[in-house]
Amino acid sequence: MRRTPTVVLLGALMITSPLAQGPPRDHGVNTSGAIVAGPNDQKEFELWMDQFLADYLKDPSASLGFVLVKDGKIFFQKGYGYADSRKKTPVLPDQTLFYAASVSKLVTATAVMQLIEKGKLAADANVNTYLTRFQLENNYPAPVTVANLLTHTSGIDDSFIVGAVDRPADLVSLGDFFTKSPPRRGRPSGEEIVYSNMGMAFAGYLVEAVSGLSFYDYVERNVFRPLGMEHSTFRRPFPSNLAPFVATSGVGGQPPDKTAIQLYPVEALVSTVTDMGHFIIAHLNDGRFDDTRILSEASAREMHRQHFTQHPDMPGVAYGFFESRINDRRGLFHTGGGGHESLLYLLPDDHVGFYIVYSGEIEKNFAQAFMDHYYPAPRTYKLPRPPSDFAQRANRFTGLYRPNFVAMTSIEKVVGMIADTHVVSNGNGTLTLRLPPFGSTSLRMVEVEPLFFRAEGGFYVTFAEDGGGNITRMATSGSTKDPAAYDKLHWYEGGLLHAGLGAAGFLVFLSLPLVSMIGSMRRRGPKAGSDRLSPTSESRLAWRMANFVSLLVVMAPIPVLTWVLLGDHSRPSQFKTAFHISSGLLLLAALLGLTLSIFAGIAWRRGDWSVPRRIYYSVVALTAFLMVPFLYHWNLLPI
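Residues numbered from 1 in each chain as written. Predicted model: local features only at pLDDT ≥ 70, side-chain atom pairs only at ≥ 80, totals over all residues. Heavy atoms only, no water.

Asks: Outline the overall build of the protein, supporting the account with residue identities and numerical values.
Replies: Scanning the protein for helices and strands turns up 17 helices and 20 strands. Going through the 639 residues of the protein one by one, you find that 56% of them count as buried. Counting only contacts in the protein whose residues sit at least 6 apart along the sequence, the fraction spanning at least 24 positions is 68%. Accessible surface, the protein: about 26,900 Å² in total, of which carbon and sulfur atoms supply 57%. (Helix = DSSP H or I, 4+ residues; strand = E, 2+ residues; numbered from the N terminus. Buried < 20%, exposed > 50% of the residue type's maximum accessible area, 1.4 Å probe, protein only. Contact = heavy atoms within 4.5 Å. Areas by Shrake-Rupley, 256 points an atom, 1.4 Å probe, with all protein chains shown as cover.)

Following this line, the structure appears as structure tokens:
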């Protein structure tokens, strides 16, 4: 369930990028040719579902739960595969608990909405109003509001590493955690959607701060119990009556009773699909489940309406939910990933919703396939003809961009080195969006109105400009991919360029021991003389210092690499220790490396060594000097 630091740093981009899995296929029609308005026959639906999952179920470790709600009742639910593939324990929809992952955020958002309804929280209030143990930093003019947290517009940076723990015994209260590690604001609030686990977990802490209950107790009393969700929990270790029923397939071999997530309001929920069906019923019924209300009708509708979008004509975000538009129908959704993959999807206007959760991967887009079969589009969407003058304006939009979910204030910023996102002109009035990593997914797009584009697969793209008419940002939205914003970069800010510079600098330091060894051999040979080191103590110290700095740099990656190859990946503390050792070596190298520029100046003034050797030493000194701002920029120094 828990994402290890290795996954975060090397794979976070592919997991988190809203378009990383590529676009869904173009809108289709029901394969039978019939006009369909939603599922109406349970047997027909089960047959369609079984056919859709046929390839996925060929994997012996497949494990999947599904529930479909229609008109206030569970229309269909079923388990597929095994909850425990070793013991051949079948998945049972009302007994098997799956990891909901980030779908947990919807329960947290619902709890916050309850407290807004009761007047204990105000959507537009500065969150600092409710804090007594610490205050959120005021490093930008606009404060962070409760609504900002619920719409991922708070500008709060994520840090998976800060919130990672080894075992349930290491968990602390949300108050203790946030007091020790207050959320850090990497961007202004209220300006763009920047997905933030830390921000939504902070919303979970507000639940505690104003209710007087622990987050666990609050959701159990005010969400789970009223909805009859008896097989759902955020707690770790799992309650004894639920632990035997938690699915083990797809959790990377991690024992279920050992998993622990400090940011538990955003990722820790485990639940059966039957329980999640009850949750869906309440949201589709404007807050009512059977004879019980968890939200008033007005609050439920307030929670579901759009509260922020990057452009009036593109899907945005409600409170907790993201908006989707597939086959011309508005949907609300949230996805989850890590251990198990999950998707909760609502069609509020049709009173239909589903929840699917599974281990492994399903290659086909379930939401798109479901909509194509039961709510087919009147006609297949095709990109319009581009404006006749766009080819002359295309250069305004082309260039390098970086997604804003890349952290600004923590080590996770290094993900930006593989996050380059390119917009290129095709020369025919269209643009192509090349998504990370390394342009692995491309979307062709056409301008449909100033600064607003439609892209293949039903995606929406919009651009923002500054007062001088220069493009500064881009935003994307569509299908069941989270809305995302991107900053436009100068060429010298490119992640791959910086990665190349870092590699080049490492090679410079790696070469010094080799050069020193060759120089030592030459001095001992019969032709020693002209390139001999000056006998002065300063020159000997200069060369030894350069070798020591180089040794520190070359050794710096070893602790992290050792952890990657030999460490226990279920223990984030091991990674933290390895990283602190590595960054400590880099910090020492950076500080000592500043002396090399002084030694290089002395060498040139005194004429020590041969000219080629002085040039080489100066290159090493320059590399050491530039290492300081480079490491500081990427948050790789422990300062």
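Asks: Just give me the short version of helix H3 (residues 104-117), but keep the residues and values in it.
Replies: Across its 14 residues, H3 extends 20 Å between first and last C-alpha, which sits within 8% of the 20 Å expected from 1.5 Å per residue. Most of H3 sits inside the fold, with 13 of its 14 residues counted as buried. Looking one or two residues beyond H3, the residue adopting positive phi is Gly119, at roughly 85°. (Expected span 1.5 Å × (residues − 1).)

Asks: Can you lay out the packing of aromatic side chains for me, pointing to particular residues and giving the numbers?
Replies: Inspection of every chain in the model, using the stated rule, returns 48 aromatic pairs. Each ring, one from Phe177 and one from Phe178, has its centre 5.1 Å from the other, and the planes form 65°; the classification is edge-to-face. Each member of the pair, Phe177 as well as Phe178, is classed as buried. Lys364 extends its terminal NZ or CZ atom over the ring of Phe52, reaching a point 4.6 Å from the ring centre. Note that Arg396 overlies the ring of Phe397, its terminal NZ or CZ placed 5.5 Å from the centroid. (Phe/Tyr/Trp six-rings, centres within 6.5 Å; stacked < 30°, edge-to-face > 60°. Lys NZ or Arg CZ within 6 Å of the ring centre and 35° of its normal.)

Asks: I'd like a rundown of the nonpolar core, residues and numbers included.
Replies: Core analysis: the biggest nonpolar cluster contains 80 residues, and Phe178, Phe202, Phe234, Phe279, Leu344 and Tyr355 have the highest contact counts within it. At nine residues, the largest contribution of residues to this core is made by helix H6 (residues 197-211). Apart from the residues within four sequence positions on either side, Phe202 is in contact with Val127, Leu131, Phe134, Leu136, Leu149, Ile156, Phe178 and Pro183. One finds Val549, Val553, Leu586 and Ala603 within the second-largest nonpolar core, a separate group that totals 38 residues. (Core = buried A, V, L, I, M, F, W, Y, C linked by side-chain atoms within 4.5 Å.)

Asks: Can you lay out the sheet that holds strand S5 (residues 232-233) for me, pointing to particular residues and giving the numbers?
Replies: The antiparallel open sheet is built from three strands, whose spatial order is S4-S6-S5. Either end of the sheet is taken by a strand with one partner, and the two such strands are strand S4 (98-99) and S5. In terms of strand pairing, S5 meets strand S6 (residues 270-271) through two bridges, oriented antiparallel. Counterpart to Thr233 in the pairing with S6 is Val270. (Pairing = 2+ DSSP bridges.)

Asks: Describe the pattern of salt bridges, and please don't skip the residues or the numbers.
Replies: In this structure the tally under the stated criterion is 21 salt bridges. Lys58 is the salt-bridge partner of Asp55, the closest N and O atoms lying 3.3 Å from each other. With a relative accessible area of 52%, Asp55 lands in the exposed category. Glu302 is the salt-bridge partner of Arg305, the closest N and O atoms lying 2.9 Å from each other. Through salt bridges that share partners, Glu191, Glu192, Arg473 and Asp487 make up one connected network. (Salt bridge = Lys/Arg side-chain N within 4 Å of Asp/Glu carboxyl O.)

Asks: Tell me what's going on with the packing of helix H14 (residues 537-555) against helix H15 (residues 557-566), and back it up with residues and numbers.
Replies: Interhelical geometry of H14 versus H15 gives an angle of 20° and a closest axis separation of 5 Å. Between H14 and H15, the angle is such that the two are roughly parallel. Together, Val553, Val554 and Met555 of H14 and Pro557, Ile558 and Pro559 of H15 make up the contact between the two elements. Residue composition of the contact of H14 with H15, grouped by class: six nonpolar, no polar and no charged. (Axes fitted to C-alpha atoms, helices over the stretch in contact; angles between N-to-C directions. Parallel < 35°, antiparallel > 145°, perpendicular 65-115°, else oblique. Nonpolar A, V, L, I, M, F, W, Y, C, P; charged D, E, K, R; others polar.)

Asks: Describe in detail the confidence of the model for the protein, supporting the description with residues and values.
Replies: Summarising the model, the protein shows a mean pLDDT of 89, and 90% of its residues fall at 70 or more. This stretch, residues 1-18, has a pLDDT under 50; its non-local contacts, to residues over four places away or in other chains, come to 63 contacts. (pLDDT = per-residue confidence, 0-100.)

Asks: Hey, could you go over the packing of helix H2 (residues 42-52) against helix H11 (residues 366-374) for me, with residue numbers and the actual values?
Replies: In a pair of packed helices, the angle between the axes and the distance between the axes together describe the arrangement. Running from N to C, H2 and H11 cross one another at 140°; their axes reach a closest spacing of 12 Å. Looking at the two axes, H2 sits oblique to H11. Read as a crossing pair, H2 and H11 show a hand that is right-handed. Residues Glu44, Phe45, Trp48, Met49 and Phe52 of H2 form the contact with H11, whose participating residues are Phe366, Ala369, Phe370, His373 and Tyr374. Considering only residue class, the contact of H2 with H11 consists of eight nonpolar, one polar and one charged. (Left-handed = near helix turned anticlockwise from the far one by under 90°.)

Asks: So what about the sheet that holds strand S11 (residues 341-347)? Which residues, and what values?
Replies: Taken in spatial order, the seven strands make up an open sheet running S3-S2-S1-S12-S11-S10-S9, and their pairing is antiparallel. Here the strands that pair on one side only, and so sit at the sheet edges, are strand S3 (89-90) and strand S9 (322-326). One ladder, built from five bridges, connects strand S10 (residues 329-336) with S11; its direction is antiparallel. Within S11, the residue paired with Phe333 across the bridge is Tyr345. Set on the sheet, H2 makes contact with strand S1 (63-70), strand S2 (73-84) and strand S12 (352-358); between it and S2 the angle comes to about 35°.

Asks: Would you mind going over the environment of Pro183 in detail, with residue names and values included?
Replies: Its location among the elements puts Pro183 in the loop between helix H5 (174-180) and H6. Under the relative-accessibility criterion, Pro183 is labelled buried at 4%. Considered as a pair, Pro183 and Phe202 are 19 residues apart in the sequence and their alpha carbons are 7.7 Å apart.

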